[in-house]
Structures are given as C-alpha cells and as structure tokens.
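Spelled out, the chains give:
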Amino acid sequence: MPAGSPGPAAQSARRPPPLLPLLLLCVLGAPRAGSGAHTAVISPQDPTLLIGSSLQATCSVHGDPPGATAEGLYWTLNGRRLAPELSRVLNASTLALALANLNGSRQQSGDNLVCHARDGSILAGSCLYVGLPPEKPFNISCWSKNMKDLTCRWTPGAHGETFLHTNYSLKYKLRSGGQKGPSCDNTCEEYHTVGPHSCHIPKDLALFTPYEIWVEATNRLGSARSDVLTLDILDVVTTDPPPDVHVSRVGGLEDQLSVRWVSPPALKDFLFQAKYQIRYRVEDSVDWKVVDDVSNQTSCRLAGLKPGTVYFVQVRCNPFGIYGSKKAGIWSEWSHPTAASTPRSERPGLGGGACEPRGGEPSSGPVRRELKQFLGWLKKHAYCSNLSFRLYDQWRAWMQKSHKTRNQVGRRDPSRTATCAGLACVTMCSCVPAVSF
Amino acid sequence: MSRREGSLEDPQADSSVSLLPHLEAKIRQTHSLAHLLTKYAEQLLQEYVQHQGDPFGLPGFSPPRLPVAGLSAPAPSQAGLPLPERLRLDAAALAALPPMLDAVRRRQAELNPHAPRLLRHLEDAARQARALGAAVETVLAALGAAARGPRPEPPAAATAAGVFPAKVLGLRVCGLYRDWVSRTEGDLSQLVPGGPA
C-alpha cells in the first residue's frame, strides 16, 4: 500500500496546457486522396491508471463527407495491433476498446494507443500512463563538506520502479523552536549531484541549530513523504582528503615505507580531533589492507612489507568532534593513490642466473633430502648464481639460527624496537629478524 | 558591389567570374556548416523517435504530415526558382524553426525528463538553425540579394493539446528542421566555386 496521500487512481485526463493564438493541432487528420478528410477523437485522452486496472476507450470518427464509418477501424498499442475481440463497434462512427489488467507503461512519455483507419493511416492517438504511486523514500543520509554546504541522498521507496515519472523533492527547514515560531520549508534545487537520488544545498546553512530534512515523492498517481531526519550540520561534517601524501623508503629497510601527509587545510581553523585511515596494496593486487586508528598524527610507518615491491597508498580523514560534536564524524574520500617501492633485498654473493643442482654429489638419503629443501628455499628467497658449497653452508647456518629463533616467540629484535613499538598504525610489524647472510 | 564581382542571378553564366576571396570563404564556411547540421539533424530525428516509444521509429510509421503554422516543407517546385529566391526561402525557414524547436524541447522536458541528451540536442538545434540562417543572410547580403524590407516575425510556436499529438508535432518539427537544413546545403552547393552546377 502506498504511503502518504494517494492521488486519484481512476482514469483521469491531463489538463491541457494553455493554448497559444495559433493553436493548430487538437486532433490528427488523415487526408485521403480524392475522398475527403477524416479525423477522429480518442476518449479518454492521456489517462493515468494503476497497474492491473482496466481501460475502456472509444475512437469516434467524423469527417467530410459525413457518415464516416467505424467499420474497418482498428487499434494498436505501442505499435502492436490489438486483438479484434478487444474491440467492438458501438455505433456507426465509434469503435470501443476494452483492455484489462494493464501492465506498467513501457516508456515514461506514455504508451501510444492509436486508432487506425482501414488503410492503416493514423486517425487519432492517446497516451496511457500506467504505473504505481510512489512509496515512502527512506534511508536519508547527509553530509557537509567543511561546514559550508549539505549534500543528501536517499533511497526511493519500492526500489524506485513506479513505471511513471516520479519527481523527488528534498525539503529542509530549521527545527522550529518556541518563541521563534514556525520556520519556512525550503526546497533543494541542485539534484543528481552524487547519484540519481541526491541533492546539494550549497549555502546559507546555519550551525548549532538542528535542521529537519525530508523527501517528497510525487507522480501522476500520488505522493509520499519520507520520515523526517533531524541533524545538526556539525554532526555530519566531512572534509577533503588529506593533501600532499608522500610515501618514501625508510633508509635501506626493505620491508618498510614511511607515509606522511598534511591535515586538510579547510578545517585547520576549527578545533577538532582528526583520525586517519591508511590503506595500501601491492601494485598488481586489488586487495587493500587498511590501517585503522591512526589518530591525530600526520605520519605513519608501514612494516612487514615485501622487499622490492611497488605499493599504492591512500589516506583519508575523519574530522570528528568538531566544535565538540559527539558524533562519529564522516570519513573523507581517499586521497589520490601515491606509489612507492620497498628496496630490493640485498644478498651478498647472489645475482641473476639460473640455479642448478650440483652434480656428482653423494647420493646419501639425508643429503639428498637437504639439497632438495635447499633448492626449494632458493627458489623462494634468493637470486641464484654461481652456487657453491660456501652458499650451501651459509644456508645450513641460517636454518639452525632460524630454528632457535622460532623457539623464542615474542622476543623482539632491539634494533627494531623503535619501529615496532608505539606504532598504532602498523598491522604487519614483523619482529622476527630478517634473513641475513 | 559590381555585377562582375558576384552575382546570384545567373551563376552559370558568371562561373568564370571569381568571387571575392572572403566571400568565397564565407560561402564555403556556410556550406560546410549546413553539411554538418544536416548530419546532426538526421541524428536528432532518430534520437527523438526513440524516446517517443513505438510506433514512432518503427519501419513504415507514417503519421499524418500535418501543416505547421508558419512553416511548410520544402516543395519540389521550389527547385525551379532562381537561386537567390531559394536561399531567401531557406533563410526564412531557418528563422522560423528555433521557436518551434524550443517549444518541442519544453514539451519533451515534461514527457521525457530523464532524456537530457535529447533535450540538449533540441536546444542545440534551435541555436544551430539560428546560426545557419544568419550565415545564409550574410551571404545573401554580400551578394546584394538580401530580402527587401523587414523580415516578418516568426509566428508563435504551435502546440498540441494531447500528448500523442504533441509527440507527432515534435516529430514533424524535427523532420522540417532536417529537410530545410538539407535543402540549404543543396542550395549553397551551387554557390561554392567548383561545386555542382
């Protein structure tokens, strides 16, 4: 059932627009060579109907010479001829039509119901508007960019499909307060700014005073009104993305990048706490990792990254608590992606080249197993060239060291303390010593 | 301007007379504009019928070609008129079209509010018709063949009471726009040096 105040659902003709002195076309005429002109009138003209309802229409012919007959006339709807059993001759000059269980209009300009003469020529037409009244819009959300404007968007009721052109109007007013008396309704004028159901109020907004905001939906079959949203502009402030985001290496540290940015300048004069979020991804991935709760600082260090890898980084800001607002605040858009790469891993004695297993090795079982493991490890972690026993021995030494370290869970490498500790922004802070030769 | 410098009365006889370079350039430019607008007008017509729904745009759709106040279609008999007269008729038609196209746009704004491209193209068509008409009049004036006396004001645009007749009227106006722009291109081609006789 539609909410709000439904309009008339019965057949209704549109009120004709004001006529100019040189009005020419009221009806269509189809001159036929040598036989005079016949015109016709369809009634009703341009009716509006509910989906599922019925329509009774007539096509009345008149012309010169008089006595035009309804015999041979036929109907089409959107170009398709209607079955003869839907029509009947009412009298010598009138053909009737009965349509039941109408579907929603195919186009918003109206379905074209046309009355044709026997020879197919068009005698008259009428446009049907078949649809549904609007349902209550809902889910209104608004935000203010730097406290200067207000943008709202909403969801149309009934998922938007009424089959009729439905007009949405965003209204707002200051919440009336006692002695000041009722305030006037204002209507938003800039629509579709951030999607089909949105509106932008660019100026003349008051702070520290609640607004009441609602949406009215209207079409030929009725109207509906959303619930009222009450808000203070200060509670829905967002801002521009942080500018000047720089991402750089941290010396030679191959698994870290430093991110720095500037707080949004538009709000620099206002007292507020800001919180930031960072997200980053590997160049050829679509999966972002988010670093949360980067509170009120304009730099952060990312750790636990892959060496020799390009990362894209973005930052966004939430200016919550502006002028003491208790609300959560609204995140800005993400900044433009900034790219940087971690240093490539420097491993002495290694370079490019193929790795090949040594030949002529003793074929004892344990050695072969170790060699297989070694080669597997090389594939993953090293750049191989000029393999030697020395390299093999180094690997064995690392394996032993690594085994000892795995048994020391939680113990931190002192050289990394400054990096790992106190970094609220780090999610992949690795405190296991990097592999070293 | 002497008759030796340019004459529309008998372009065939004076084909050996070279027009002033700037006039020649103006004629070429106006002809190019007409050529371009002919293509735009055809596209506008196609776009218009798409938004009215079937049977508009169906093969064989043939609504009555009803007269529109203040403007008739180019008549085949006009081909026999002298070129200056044909160009004057072109200019008059192009001057009459803009208010009609504006009226069609206003009505389409009610019927098809979610067709911004169509509405924009109708607005462009009105502006382009005005521009082409002015360019043709400039050419006529340069050739000493401008219409004598003040041009009558174009009549107020016709309107239609019902939606279907309004759709048909809009189709008619878009068709007239295409026909007259095309006719103008053809007439101007006879002035372009090196063009068809």
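Along every chain, residues carry numbers that run from 1 in the direction the sequence is written. Whichever chain is written first is A, and whichever ligand is written first is 1; the rest continue in order. Given that the model is predicted, a residue must reach a pLDDT of at least 70 before its local features are reported, and side-chain atom pairs must reach 80 or more before they are shown or counted; all residues, however, enter totals for whole chains, interfaces and linings. In computing side-chain properties, one takes all heavy atoms of the structure into account and sets aside hydrogens as well as water.

Looking at an unreviewed UniProt entry, one finds chain B named Cardiotrophin-1 and attributed to Propithecus coquereli. For the record of chain B, the UniProt heading Subcellular location (unreviewed entry) holds the text "Secreted". UniProt positions are given in the numbering used here, feature names are shortened, and annotations may be inferred rather than shown by experiment.

With an unreviewed UniProt entry as reference, chain A is termed Cytokine receptor-like factor 1, source organism Propithecus coquereli. Chain A has a UniProt comment under Sequence similarities (unreviewed entry) that states "Belongs to the type I cytokine receptor family. Type 3 subfamily." Recorded in UniProt for chain A, the comment headed Subcellular location (unreviewed entry) runs: "Secreted".

Peer 1: How would you explain the overall build of chain A if you had to name every residue and give the values?
Peer 2: Starting at the N terminus, helices and strands are each numbered in turn, a helix being any DSSP run of H or I of at least four residues and a strand any DSSP run of E of at least two. Broken down by element type, chain A carries three helices and 27 strands. Three exposure classes are used, based on accessible area relative to the maximum for each residue type with a 1.4 Å probe and protein chains only: buried under 20%, partly exposed in between, and exposed over 50%. Of all 437 residues assigned to chain A, the portion counted as buried reaches 39%. Here the analysis covers contacts within chain A between residues at least 6 apart in sequence; of these, 65% occur between residues at least 24 apart. Where accessible areas are quoted, they stem from the Shrake-Rupley method and a 1.4 Å probe; at the residue level, only the protein chains shown are allowed to cover. Accessible surface computed for chain A: about 23,900 Å², of which carbon and sulfur atoms make up 52%. The contact definition used throughout considers only heavy atoms, calling two residues in contact when any of these lie within 4.5 Å.

Peer 1: Now, about the state of the cysteines: what can you tell me, with residues and values included?
Peer 2: All names here are of chain A. Here, two cysteine sulfur atoms that lie within 2.5 Å of each other are counted as a disulfide. Applying the stated criterion across every chain yields a total of three disulfides over all chains. Each disulfide pairs two cysteine sulfurs, and for Cys 59 the partner residue is Cys 115, the sulfurs being separated by 2.0 Å. Judged by the sign of its S-S torsion, about -85 degrees, the cystine formed by Cys 59 and Cys 115 is left-handed. With a gap of 56 residues between them, Cys 59 in strand E4 (residues 55-63) and Cys 115 in strand E9 (residues 111-116) connect regions that are remote in the sequence. Comparing Cys 59 with Cys 115 shows no difference in burial state: the two are buried. The disulfide that involves Cys 188 links it to Cys 199, with 1.9 Å between the sulfurs. Its S-S torsion of about -100 degrees marks the bond between Cys 188 and Cys 199 as left-handed, since a negative value means left-handed. With a gap of eleven residues between them, Cys 188 in the loop between strand E14 (186-187) and strand E15 (190-191) and Cys 199 in strand E16 (residues 198-201) connect regions that are remote in the sequence.

Peer 1: Talk me through the sheet that holds strand E21 (residues 246-250) of chain A; I want residue IDs and the actual numbers.
Peer 2: All names here are of chain A. The criterion for strand pairing is that DSSP finds at least two bridges linking the strands in question. The three strands lie next to each other as E21-E22-E25, forming an open sheet whose pairing is antiparallel. The outermost strands of the open sheet, each flanked by one partner alone, are E21 and strand E25 (299-302). Mean inter-strand twist for the sheet, computed between neighbouring axes without regard to direction, equals 25 degrees. Note that strand E22 (residues 253-260) and E25 share four bridges and pair antiparallel. The convention used is that axes are lines fitted to C-alpha atoms, helices contributing only their stretch in contact, and that angles between N-to-C directions extend from 0 to 180 degrees.

Peer 1: For empty space enclosed by the protein, give the residues involved together with the corresponding values.
Peer 2: To locate leftover empty space, one rolls a probe as large as a water molecule over the atoms. Residues and elements named next belong to chain A. Here a cavity denotes a set of grid points, spaced 1 Å apart and computed over the protein atoms alone, in which a 1.4 Å probe fits but from which it cannot get out, and a pocket denotes an open set meeting protein on both sides within 12 Å along at least five of seven lines; residues with an atom within 4 Å of a point are reported as lining. Grid points are joined across faces, edges and corners, and a volume is the space filled by probe spheres set on the points. Within this structure, the stated rule accounts for two cavities of 30 Å³ or more. Taken as a whole, the second largest cavity encloses approximately 40 Å³ of empty space. Forming the boundary of the second largest cavity are Leu 234, Asp 235, Val 236, Val 237, Pro 319, Phe 320, Gly 321, Ile 322, Ser 325, Lys 327 and Gly 329. Under the scheme applied, nonpolar residues are Ala, Val, Leu, Ile, Met, Phe, Trp, Tyr, Cys and Pro; charged residues are Asp, Glu, Lys and Arg; polar residues are all the others, including Gly. By residue class, the composition of the lining of the second largest cavity is six nonpolar, three polar and two charged. Residue contributions to the lining of the second largest cavity reach at least three from each of two domains, namely domain 2 (138-237) and domain 3 (239-342). Each domain span listed reflects an automatic or database assignment of domains.

Peer 1: Describe helix H3 (residues 116-142) of chain B, with residues and values.
Peer 2: Along an α-helix, a turn takes 3.6 residues, which lines up residues three or four apart on a common side. A helix's residues, less one, multiplied by 1.5 Å, set its expected span. Compared with the 39 Å implied by 1.5 Å per residue over 27 residues, the 39 Å span of H3 of chain B between its first and last C-alpha is a close match. Phi turns positive, to about 70 degrees, at Gly 144 of chain B, one or two residues after H3 of chain B.

Peer 1: Summarise the nonpolar core; cite the residues concerned and give the values.
Peer 2: Nonpolar side chains in soluble globular proteins generally cluster together in the buried interior. Counting 59 residues, the largest nonpolar core has Leu 71, Leu 97, Leu 101, Val 136, Tyr 177 and Leu 191 of chain B as its most contacted members. Among the secondary structure elements, those contributing two or more residues to this core are strand E10 (122-131) of chain A together with helix H1 (21-52), helix H2 (83-111), H3 and helix H4 (163-189) of chain B. Examining the composition of this core, we find that 13 residues originate from one element, H4 of chain B, more than from any other. Leave out the neighbours within four places in its chain, and Leu 97 of chain B touches Leu 71, Ala 129, Val 173, Leu 176, Tyr 177 and Trp 180 of chain B. Residue types Ala, Val, Leu, Ile, Met, Phe, Trp, Tyr and Cys, when buried and joined through side-chain atoms within 4.5 Å, form a set referred to as a nonpolar core. In this structure, Ala 57, Leu 113, Leu 123 and Leu 128 of chain A belong to the second largest nonpolar core, which totals 23 residues.

Peer 1: Provide a residue-level description of the packing of aromatic side chains, including the pertinent values.
Peer 2: Residues and elements named next belong to chain A. The pairing test for Phe, Tyr and Trp rings, Trp by its six-membered ring, is centres within 6.5 Å, and the orientation test on the planes gives stacked under 30 degrees, edge-to-face over 60, and tilted for anything in between. All told, the structure shown has six aromatic pairs over all chains when counted by the stated rule. Here the aromatic rings of Trp 261 and Tyr 276 are separated by 5.3 Å at their centres, their planes lie at 55 degrees, and the arrangement is tilted. Taken together, the positions of Trp 261 in the loop between E22 and strand E23 (275-282) and Tyr 276 in strand E23 put the pair 15 residues apart, joining distant regions of the chain. Tyr 276 shares its class with Trp 261; the two are buried. By definition here, charges over rings are those cases where NZ of Lys or CZ of Arg is within 6 Å of the ring centre and within 35 degrees of the ring normal. Directly above the aromatic system of Tyr 129 lies the positively charged group of Arg 220, at a separation of 3.4 Å from the ring centroid. Between the NZ or CZ atom of Arg 281 and the centre of the ring of Trp 288, over which it lies, the distance is 5.0 Å.

Peer 1: Got a sec to walk through the confidence of the model for chain A? Specific residues and values, please.
Peer 2: All names here are of chain A. pLDDT is a per-residue confidence score from the predictor, ranging from 0 to 100. Summing up the model confidence of chain A, the mean pLDDT is 77 and the portion of residues at 70 or higher is 70%. Across chain A, element-level confidence peaks in strand E3 (residues 48-50) with a mean pLDDT of 97 and bottoms out in helix H3 (residues 417-420) with 33. Low pLDDT, under 50, characterises residues 1-35; the stretch is placed with 92 contacts to residues that sit more than four places away or in other chains.

Peer 1: Let's hear about the side chain of Arg 183 of chain B: which residues, and what values?
Peer 2: Residues and elements named next belong to chain B. Along the chain, Arg 183 falls in helix H4. In this tally, Lys and Arg are treated as positive and Asp and Glu as negative; His is ignored, and so are the chain termini. A side-chain nitrogen of Lys or Arg and a carboxyl oxygen of Asp or Glu constitute a salt bridge if their distance falls within 4 Å. One buried charged residue, Arg 183, remains without a salt bridge, the closest side chain of opposite sign being Asp 187 at 5.0 Å. Excluding residues that lie within four positions of it along the chain, Arg 183 makes contacts with Pro 74, Ala 75, Gln 78 and Asp 90.

Peer 1: Explain unusual backbone geometry to me, using residue names and the numbers behind them.
Peer 2: With an omega of 5 degrees, the peptide bond between Ser 43 of chain A and Pro 44 of chain A qualifies as cis. Structurally, Pro 44 of chain A can be placed in the loop between strand E2 (36-43) and E3. Residue Asp 54 of chain B is joined to Pro 55 of chain B through a cis peptide bond whose omega torsion reads 10 degrees. Mapped onto the elements of the fold, Pro 55 of chain B is located in the loop between H1 and H2. Of note in this structure, Asp 46 of chain A is not a glycine but carries a positive phi near 55 degrees. Position of Asp 46 of chain A relative to the elements: it lies in the loop between E2 and E3. According to the relative accessible area criterion, Asp 46 of chain A is buried, its value standing at 3%.

Peer 1: How would you summarise the sheet that holds E15 of chain A if you had to cite specific residues and measurements?
Peer 2: Residues and elements named next belong to chain A. The five strands lie next to each other as E15-E16-E12-E11-E20, forming an open sheet whose pairing is mixed. At either end of the open sheet lies a strand with only one pairing partner, and these are E15 and strand E20 (237-238). Where strand E11 (residues 138-145) lies against E20, two bridges are found, and the strand directions are parallel. Among the inter-strand pairings, Ser 144 is bridged to a residue of E20, identified as Val 237.

Peer 1: Give me the lowdown on the packing of H1 of chain B against H4 of chain B, citing residues and values where you can.
Peer 2: Residue and element names in this part refer to chain B. Contact geometry for H1 and H4: axes closest at 8 Å, N-to-C directions at 160 degrees. When the axes of H1 and H4 are compared, the pair comes out roughly antiparallel. Considering only the axes of H1 and H4, their crossing is left-handed. Of the residues assigned to the contact of H1 with H4, the class counts are 14 nonpolar, ten polar and four charged. Note on terminology: angles under 35 degrees are roughly parallel, angles over 145 are roughly antiparallel, angles of 65 to 115 are roughly perpendicular, and the others are oblique. Take the far helix as the reference: if the near one is turned anticlockwise from it by less than a right angle, the crossing is left-handed, and if turned clockwise, right-handed.

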